[in-house]
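# Descriptive structure summary
Here are the chains, one letter per residue:
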Amino acid sequence: LAAVAAGVINLAVSSVLVFGLAGLPELGVRGAAIGSAIAFVTQALWLGLALRHTPPTPLRLKLAVWRRMLRIAVPAVADKLALHGAYFLFVALVGLLGSAAMATHQALLSAEAIGCQLAEGIGVAAAILAAQQLGAGRRRAAEASRHSATALAVAALCVVSMLLVVAPMALM
């Protein structure tokens, strides 16, 4: 929820500041940076408040548990490093095209993020439901959860995509 809110805030604030809407001056790339910073701070505050209301858990884990976590975490971290490294290079190339191209890229990226966050949230929920079903020995129910989540994620992405095609300014 915090990530979706941050995406919406980023999209709204960046759009207003990049294009100078609502009587504010047109800031271009600086507006996109300010919008992103406001969204990141909002998300951090939201998550910080959520952590305040979560009871602390002991950090003592057995070595076997650490190994299992690292076996999963290391490839996931490598994947994210590769993704963000490639994205960094792409943004550098877009930056060479000028501030208008960078502002447009940032606005579209924010709009795209709404769909991605929806799909990711649905995926997390599906993983939890499937794990619960598998833990209870109900493999078919786990498969049904996966199929339903896939259909829901595709539908959410289609809606966001259609909004980008039909009414792009509503999302930017």
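Every value quoted in this text rests on a predicted model; they were computed, and no experiment measured them. (Residues numbered from 1 in each chain as written. Predicted model: local features only at pLDDT ≥ 70, side-chain atom pairs only at ≥ 80, totals over all residues. Heavy atoms only, no water.)

## What to know about unusual backbone geometry
Even without glycine at this site, Ala-22 takes up a positive phi of about 55°. By secondary structure assignment, the location of Ala-22 is in the loop between helix 1 (2-19) and helix 2 (29-52). (Helix = DSSP H or I, 4+ residues; strand = E, 2+ residues; numbered from the N terminus.)

## So, the environment of Ala-101
Its place among the elements puts Ala-101 in helix 4 (residues 99-135). A relative accessible area of 24% places Ala-101 in the partly exposed class. Linking Ala-101 and Gly-28, residues 73 residues apart in sequence, is a C-alpha distance of 9.5 Å. (Buried < 20%, exposed > 50% of the residue type's maximum accessible area, 1.4 Å probe, protein only.)

## Some words on the packing of helix 1 against helix 4
At a minimum axis distance of 9 Å, the contact between helix 1 and helix 4 shows a crossing angle of 160°. Here helix 1 is positioned roughly antiparallel relative to helix 4, judged by the angle of their axes. Crossing of helix 1 over helix 4 shows left-handed handedness. Facing helix 1, whose interface residues are Ala-3, Val-4, Gly-7, Val-8, Asn-10, Leu-11, Val-18 and Phe-19, helix 4 presents Ala-103, Gln-106, Ala-107, Ser-110, Ala-111, Ile-114 and Gln-117. (Axes fitted to C-alpha atoms, helices over the stretch in contact; angles between N-to-C directions. Parallel < 35°, antiparallel > 145°, perpendicular 65-115°, else oblique. Left-handed = near helix turned anticlockwise from the far one by under 90°. Contact = heavy atoms within 4.5 Å.)

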